[in-house]
Amino acid sequence: MVRSPLFFPLTMTGVRIAALTADVLDYFVDEVMDRTKLLPHYKRRRFGVDLVGHSMGGLIIADYLKRYGQRKKIRRVVSIGTPFEGAIGLKS
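A. Summary view of the nonpolar core. Of all hydrophobic cores here, the largest spans 13 residues; its most connected members are Leu25, Val29, Met33, Val49, Leu51 and Tyr64. Only helix H1 (15–37), strand E1 (49–54) and helix H2 (56–68) provide two or more residues apiece to this core. Looking at which element gives the most residues to this core, the answer is H1, with six residues. When residues no more than four places from it in sequence are discounted, the contact partners of Met33 are Phe47, Val49 and Lys73.

B. Structural context of unusual backbone geometry. Unusually for a residue other than glycine, Ser55 sits at a positive phi of about 55°. Take Ser55: it is sitting in the loop between E1 and H2. Assessed through its relative accessible area of 28%, Ser55 is described here as partly exposed. One non-glycine residue, Lys72, lies in positive phi territory at about 60°.

C. Representation of the pattern of salt bridges within the structure. Within the structure shown, the criterion is met by eight salt bridges. Between Arg71 and Asp26 there is a salt bridge, with its nearest N and O atoms 2.9 Å apart. Placement of the pair is Arg71 in the loop between H2 and strand E2 (74–80) and Asp26 in helix H1, with a sequence separation of 45 residues. For Arg71, a relative accessible area of 42% gives the class partly exposed. Note that Lys73 is salt-bridged to Asp30, the shortest N-O span being 2.5 Å. Of this pair, Lys73 sits in the loop between H2 and E2 while Asp30 is found in helix H1, placing the two residues 43 residues apart along the sequence. Residue classification places Lys73 among the buried residues on the basis of a relative accessible area of 10%.

D. Up close: H2. Compared with an ideal rise of 1.5 Å per residue, which puts 13 residues at 18 Å, H2 spans 18 Å between its outermost C-alpha atoms and is within 8% of the ideal. Taken residue by residue, H2 has Gly57, Gly58, Ile60, Ile61, Tyr64 and Tyr68 as its buried positions. One side of H2 carries all its buried residues, which in axial view fall inside an arc of 160°.

Conventions and cut-offs
- Residues numbered from 1 in each chain as written.
- Predicted model: local features only at pLDDT ≥ 70, side-chain atom pairs only at ≥ 80, totals over all residues.
- Heavy atoms only, no water.
- Core = buried A, V, L, I, M, F, W, Y, C linked by side-chain atoms within 4.5 Å.
- Buried < 20%, exposed > 50% of the residue type's maximum accessible area, 1.4 Å probe, protein only.
- Helix = DSSP H or I, 4+ residues; strand = E, 2+ residues; numbered from the N terminus.
- Contact = heavy atoms within 4.5 Å.
- Salt bridge = Lys/Arg side-chain N within 4 Å of Asp/Glu carboxyl O.
- Expected span 1.5 Å × (residues − 1).
- Arc of directions from axis to C-beta.

Structural data, given as structure tokens:
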């Protein structure tokens with residue numbers, strides 16, 4: 001796997017960990033914005049961060065937006081295969 005300084009891999013599972021990961025994601029978004037501001041062509045532009053989440057990653061992004069979305073740091077969100085309604089086997 002190629003490691004990029006702007007890549008945030010999630011390897012944790014579980015609902016409790018999702019809340020903690022949303023806090024870490026907030027720190028990561030701040031880091032991305034700080035690094036981007038160092039680039040000359042972004043110094044005077046207003047910009048936001050694009051987030052892509054797959055499965056649990058989409059739930060973490062949703063929690064992040066619920067808790068930190070008012071800060072207007074996110075430009076776009078893509079969620080792929082995110083179980084917003086729960087898993088099929090777990091519905092009663």
